[in-house]
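Next come the chains, spelled out residue by residue.
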Amino acid sequence: MAETKTILRALAGETMPTPPIWMMRQAGRYLPEYKATRAEAGDFLSLCYNSDLATEVTLQPIRRYGFDAAILFADILLVPQALGADLWFVTGEGPRLSTITGEADFAKLGGKDDIHETLNPIYQTVRNLRSALPPETTLIGFAGAPWTVATYMIAGKGTPDQAPAHALKATHPEVFDALMARITEATIEYLSHQIDAGAEVVKIFDSWAGSLKGADFDKYALAPTKEIIAALKARHPDTPIIAFPREAGENYIGFAKATGADCVAIDDSVTAEWAAQNVQTDGCVQGNLKSSHMVTGGDALVSETRRIVDALKGGPHIFNLGHGITPDADPANVQLMIDTVRGA
Ligand code: CP3
């Protein structure tokens, strides 16, 4: 049967007259209905692990806007937690974790097969979603890439320059490499279980890939992503994979070919015209509207949206933001973006 889901068609390499669209962090604090469900859950992590409420918040932006894809509601930091790290969120500041400063901290972590006890509710959310979503909507699962997850596990929080992770890599390379390997193998199991539960696409978020320079980019961003994709393709050859090595710049070139990804998501530090010339030549590109347009709206939102659609119309493209929508965004601007993409 011919594929009817627009996201899957774009990921298979089809150039669509209108690009399919979804949005990073589409379930989030800019939506009043999200805030209400989060309050009902109590806090962010309780929401992630409550399959019924996580299903509900995943569906909210689909009901409101009719996006072409739903992204599982969860977080990249659930894998560290499932490996035994302490994890909590400080309101207004972000995530906090126990730190990894040497061999003793690493030795306390569990193995790849220990993660499912913690992560079972996430697989249940995926199963719920596959039966609840409209037939035209694609379900995307996800995980963080090893480098990005490692930066949080090492520092115990988000850092502007990922200095603690770079330092551990230099001073304790054996601990750093063992941590990367542990996250890589756990991520393969996690994503494979998401696919078994019904995820139709998976996305690998390497939010801090841009701080890896030169040979480090190949070793710690490209190679682990390639390893995860190879393992997933061996088990699930028909499941497309989106890679997001954020702020990779010139390293976006050839990334899909080198890793086996079916699509590369690009941030807003490169132009869509550049991506058409240099990245889309290898296949589907996703991105790259600046998230700030969801706050400011108006003519600039419309003209930038049109420019991106136009620049990438010669090949497979999934419209998205260059990074997640922020809590101060106006839900009406999201509708304006969608109407502009769909030509209403
Ligand atoms: O996109 C979606 O709607 C799906 C769910 C999703 C969340 N986080 C929910 C979330 C996804 C795909 C993520 C990925 C994620 N989480 C990344 C990679 C993408 C990126 O943004 O670069 C990273 C680095 C994280 C780690 C994380 N989670 C941070 C740094 C924070 C705090 C910053 C913030 O925005 O508050 C979170 C919290 C988080 N994850 C929220 C949501 C909806 C906000 C939590 C809340 O409701 O208070």
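So, how was this worked out
Within each chain, residues carry numbers counting from 1 in the order of the written sequence. In keeping with the model being predicted, local features are shown solely for residues with a pLDDT of at least 70 and side-chain atom pairs are shown and tallied solely at 80 or more, while totals for entire chains, interfaces and linings include all residues. Side-chain numbers here rest on the full set of heavy atoms in the structure, without hydrogens or water. In this description a helix means any DSSP run of H or I spanning at least four residues, a strand means any run of E spanning at least two, and both kinds are numbered starting from the N terminus. Contacts are assigned to residue pairs with any non-hydrogen atoms lying within 4.5 Å of each other. The salt bridge criterion pairs a side-chain nitrogen of Lys or Arg with a carboxyl oxygen of Asp or Glu, the two atoms within 4 Å. Working definition: with a 1.4 Å probe on protein chains only, accessible area under 20% of the residue-type maximum means buried, over 50% means exposed, and in between means partly exposed. Two strands form a pair only when DSSP identifies at least two bridges running between them. Where each domain begins and ends follows an automated or database-derived domain assignment. We define buried area as the total accessible area lost by two parts upon association, computed with a 1.4 Å probe and summed across both. In the analysis that follows, any N or O atom pair within 3.5 Å is treated as a polar contact, provided that within protein one partner can donate a hydrogen and the other can accept it, and provided that, for residues neighboring in sequence, both atoms belong to side chains. When residues are sorted by character, Ala, Val, Leu, Ile, Met, Phe, Trp, Tyr, Cys and Pro go into the nonpolar class, Asp, Glu, Lys and Arg into the charged class, and all the rest, Gly among them, into the polar class.

**A word on the side chain of Thr340**
Mapped onto the elements of the fold, Thr340 is located in helix 16 (residues 331–341). Filtering out sequence-adjacent residues up to four positions away, Thr340 remains in contact with Val302, Thr305 and Arg306.

**Description of the pattern of salt bridges**
Inspection of every chain in the model, using the stated rule, returns 18 salt bridges. The residue Asp113 makes a salt bridge to Lys112 at a minimum N-O spacing of 3.3 Å. Residue Asp113 is classed as exposed on the basis of its relative accessible area, which comes to 52%. Glu185 is the salt-bridge partner of Arg182, the closest N and O atoms lying 3.6 Å from each other.

**Side note on the pairing of strand 4 (residues 138–144)**
Extensive coverage of strand 4 is indicated by the burial of 7 of its 7 residues. Here strand 4 shows two buried faces, one formed by Thr138, Ile140, Phe142 and Gly144 and the other by Leu139, Gly141 and Ala143. For strand 1 (residues 69–71) and strand 4, the ladder comprises 3 bridges, and the chain directions are parallel. Each residue of the ladder has a partner; that of Ile71, found in strand 4, is Ile140. As defined by bridge partners, strand 4 adjoins strand 5 (residues 201–206) across 5 bridges and the pair is classed as parallel. Residue pairing in the sheet places Gly144 in a bridge with Phe205 of strand 5.

**Here's the deal with unusual backbone geometry**
With omega at -5°, the peptide bond leading from Gly287 into Asn288 counts as cis. Backbone geometry at Arg25 places phi at a positive 60°, although glycine is not the residue there. Take Arg25: its relative accessible area is 53%, and that puts it in the exposed class. Of note, the phi angle at Glu247 is positive, near 60°, even though the residue is not glycine. Mapped onto the secondary structure, Glu247 falls in the loop between strand 6 (241–245) and helix 12 (255–259). The class of Glu247 is partly exposed, set by a relative accessible area of 43%.

**Side note on the domain arrangement of the protein chain**
The domain boundaries assigned to the protein chain delineate domain 1 (1–23 + 281–344) and domain 2 (72–265). One C-alpha centre belongs to domain 1, the other to domain 2; they are set 24 Å apart. Contacts between domain 1 and domain 2 engage 11 residues on the former and 19 residues on the latter. Taken together, the two surfaces of domain 1 and domain 2 that pack against each other cover about 1,300 Å², and 57% of this comes from carbon and sulfur. Of all residues in domain 1, Lys5, Leu11 and Asp282 bury the most surface against domain 2, accounting for 42% of the area lost on that side. A salt bridge links Lys257 to Asp282; its shortest N-O distance comes to 3.3 Å. Here domain 1 and domain 2 share 5 residue pairs in polar contact (both at pLDDT 80 or more) between them. Considered class by class, the residues forming the side of domain 1 that touches domain 2 number 6 nonpolar, 3 polar and 2 charged.

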